[in-house]
Amino acid sequence: MTSAPDKTLVEILSTSVNVNYTDIDELNALLGEERRRFEHAIGAPLETLNDALADEIRIRFSGKKSPLQEFLKSLRNLQATERKDAGARINELKSTIDSGISEFLAKHQKAAEFLRLKRETIDSTLPLPDLNIGVRHPVSNTMNLLVGALRRLGFTVVDGPELEHDFYNFEALNQPADHPAREMQDTMFLAAEWLLRSHTSNVQAHAMLERGVPLKIICPGYVYRRDYDMTHIPSFRQVECLVVDKGVHMGNMRHTINSFLGEVFGRPVKTRFRSSYFPFTEPSAELDVECQQCFGKGCRSCKGTGWSELGGCGMVNRNVLRTCGVDPDEYGGFAFGFGIDRIAMSRYGISDLRSMYEGDIPLFKNLRNQ
């Protein structure tokens, strides 16, 4: 905040000036006083300069109602022989004042800005005040819990591209161009071989090819599919986990899943593994968790089944390992992927996934009070 101008400058800008004169000598004396006033004004301390004050100085000394303009209007008070010389003197002072204002502002503008910024500097190391504003989105909370729980189990977070090539999204994961599994997803293609990734499994292919094995990674991020209903949206967050090492088996996978889900939900939850098919795992399973709306009784959210589907899992297909440069006779692995939004629905008891992204104010007010 800029300091107030000193009183002398305030007086200069507010005091009326006598512009009545009857001869050239009297005019010269008045012009001399006006020059001194101007020099004093532009010599004011820099801390007092701001945009409003700069405008006041400009208007006071060179505006339409400034004393200079009044001096010009009062030339009729002089004899005809003196008017030409008097007009020249007035215009000379006007030119001096105009150039003086321009030089003054050009010279001090950057310095004044620097002083203002220096006074407004915020110490970013100070703790933030405890503001009771808003609430963190349930999906963000859930993702932080998931990633934190898995990191404590020894996983490393790895990121990857959302705009992906067909090879990493499909072919490296045992889905060539004519594979029927491609019809199971409504994929958003941008060009012949480029698409918005339909799962974060693409990061697993990148990691095995670029980092080698053994691996123990998690790949959280956005994925894209053309779905929109109570349990699907076109852009959602997913977390994929991959473990590749010697002696890995399904028991390791089940223990890992149950351990981190218990931490995410804050208590042990019932899970079930249903035999399923995924081209990048064999054997494969669908993972369901007991519906947190009805706790197994059946409701609209779980479509009467008592279970909510979280994602798929299984042992990494030998073809995927081989394509990614890993010897399937020496190494094995398991992988699982969950929709973070689905887990958030279960944790917070939300029946419709879309309500978390459609500005449902009552919903977030309730979440804030939880």
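Going by the structure above, here's the rest.
Small disclaimer: the values here were computed from a predicted structure and weren't measured. (Residues numbered from 1 in each chain as written. Predicted model: local features only at pLDDT ≥ 70, side-chain atom pairs only at ≥ 80, totals over all residues. Heavy atoms only, no water.)

Caption draft 1: Empty space enclosed by the protein, seen in detail. Using the criterion set out here, one finds three cavities of 30 Å³ or more in the structure. What the largest cavity holds in volume is close to 60 Å³. Leu173, Gln204, Met208, Leu242, Phe280, Thr281, Val316, Val320 and Ala335 are the residues that line the largest cavity. Partitioning the lining of the largest cavity into residue classes produces seven nonpolar, two polar and no charged. (1 Å grid on protein atoms, 1.4 Å probe; cavity = no way out; pocket = protein on both sides within 12 Å on 5 of 7 lines; lining within 4 Å. Points joined across faces, edges and corners; volume = space filled by probe spheres on them. Nonpolar A, V, L, I, M, F, W, Y, C, P; charged D, E, K, R; others polar.)

Caption draft 2: Local environment of the environment of Asp352. Examined against the element boundaries, Asp352 turns out to sit in the loop between α11 (340-348) and α12 (361-368). On the basis of relative accessibility, which here comes to 16%, the residue Asp352 falls in the buried class. In sequence terms Asp352 and Gln79 are 273 residues apart; their C-alpha atoms lie 91 Å from each other. Setting aside chain neighbours within four positions, we find Asp352 in contact with Asp229, Met230 and Met345. Within the structure, Asp352 has its side chain in polar contact with the side chain of Arg354 (distance 2.9 Å). (Helix = DSSP H or I, 4+ residues; strand = E, 2+ residues; numbered from the N terminus. Buried < 20%, exposed > 50% of the residue type's maximum accessible area, 1.4 Å probe, protein only. Contact = heavy atoms within 4.5 Å. Polar contact = N/O pair within 3.5 Å; in protein donor to acceptor, adjacent residues only side chain to side chain.)

Caption draft 3: Layout of a nonpolar patch on the surface. Taken together, the side chains of Leu163, Leu190 and Trp194 present a nonpolar region at the surface, about 320 Å² in accessible area. Within the element layout of this structure, Leu163 appears in strand β2 (residues 163-165). For Leu163, a relative accessible area of 47% corresponds to the partly exposed category. (Patch = residues over 30% accessible without salt bridge, like charges linked within 9 Å, V, L, I, M, F, W, Y side chains within 5 Å. Areas by Shrake-Rupley, 256 points an atom, 1.4 Å probe, with all protein chains shown as cover. Salt bridge = Lys/Arg side-chain N within 4 Å of Asp/Glu carboxyl O.)

Caption draft 4: Examining the environment of Leu126 more closely. Tracing the chain through its elements places Leu126 in the loop between α5 (80-119) and α6 (138-152). Sequence separation between Leu126 and Arg89 is 37 residues, and the spatial gap between their C-alpha atoms is 59 Å.

Caption draft 5: Structural detail: the packing of α6 against α11. Look at α6 against α11: their axes get within 9 Å of each other, and the N-to-C directions meet at 105 degrees. One way to sum up the angle between α6 and α11 is to call them roughly perpendicular. Each of Pro138, Val139, Asn141, Thr142, Met143, Leu145 and Leu146 in α6 lies in contact with α11, whose residues at this interface are Ile340, Asp341, Ile343, Ala344, Arg347 and Tyr348. For the contact of α6 with α11, a count of residues per class yields nine nonpolar, two polar and two charged. (Axes fitted to C-alpha atoms, helices over the stretch in contact; angles between N-to-C directions. Parallel < 35°, antiparallel > 145°, perpendicular 65-115°, else oblique.)

Caption draft 6: Just the sheet that holds strand β7 (residues 271-278), in detail. On the basis of which strands lie adjacent, the open sheet formed by seven strands has the order β1-β5-β6-β10-β9-β8-β7 and mixed pairing. Each edge of the open sheet carries a strand with a single partner, namely β1 (156-157) and β7. Sheet topology note: the β7/strand β8 (residues 281-290) ladder contains seven bridges and is antiparallel. Its bridge partner being in β8, Thr271 is matched across the sheet by Val289. (Pairing = 2+ DSSP bridges.)

Caption draft 7: Spotlight on the sheet that holds strand β3 (residues 188-189). Spatially, three strands are ordered β2-β4-β3 in an open sheet, and the strand pairing comes out antiparallel. Each having just a single partner strand, β2 and β3 make up the two edges of the open sheet. The pairing of β3 with strand β4 (residues 194-196) spans two bridges and is antiparallel. The residue bridging Phe189 from the neighbouring strand is Leu195, located in β4.

Caption draft 8: Looking closely at the packing of aromatic side chains. Under the definition given, this model contains seven aromatic pairs. Judged by centre distance (5.3 Å) and plane angle (70 degrees), the ring pair of Phe38 and Phe61 falls under edge-to-face. One end of the pair, Phe38, is in helix α2 (residues 24-42); the other, Phe61, is in helix α3 (residues 51-62), with 23 residues separating them in the sequence. For the pair shown, Phe38 and Phe61 are each scored as buried. One aromatic cluster is present, built from ring pairs that chain together Phe260, Phe334, Phe336 and Phe338. (Phe/Tyr/Trp six-rings, centres within 6.5 Å; stacked < 30°, edge-to-face > 60°.)

Keep in mind these numbers describe shape, not what the thing actually does.
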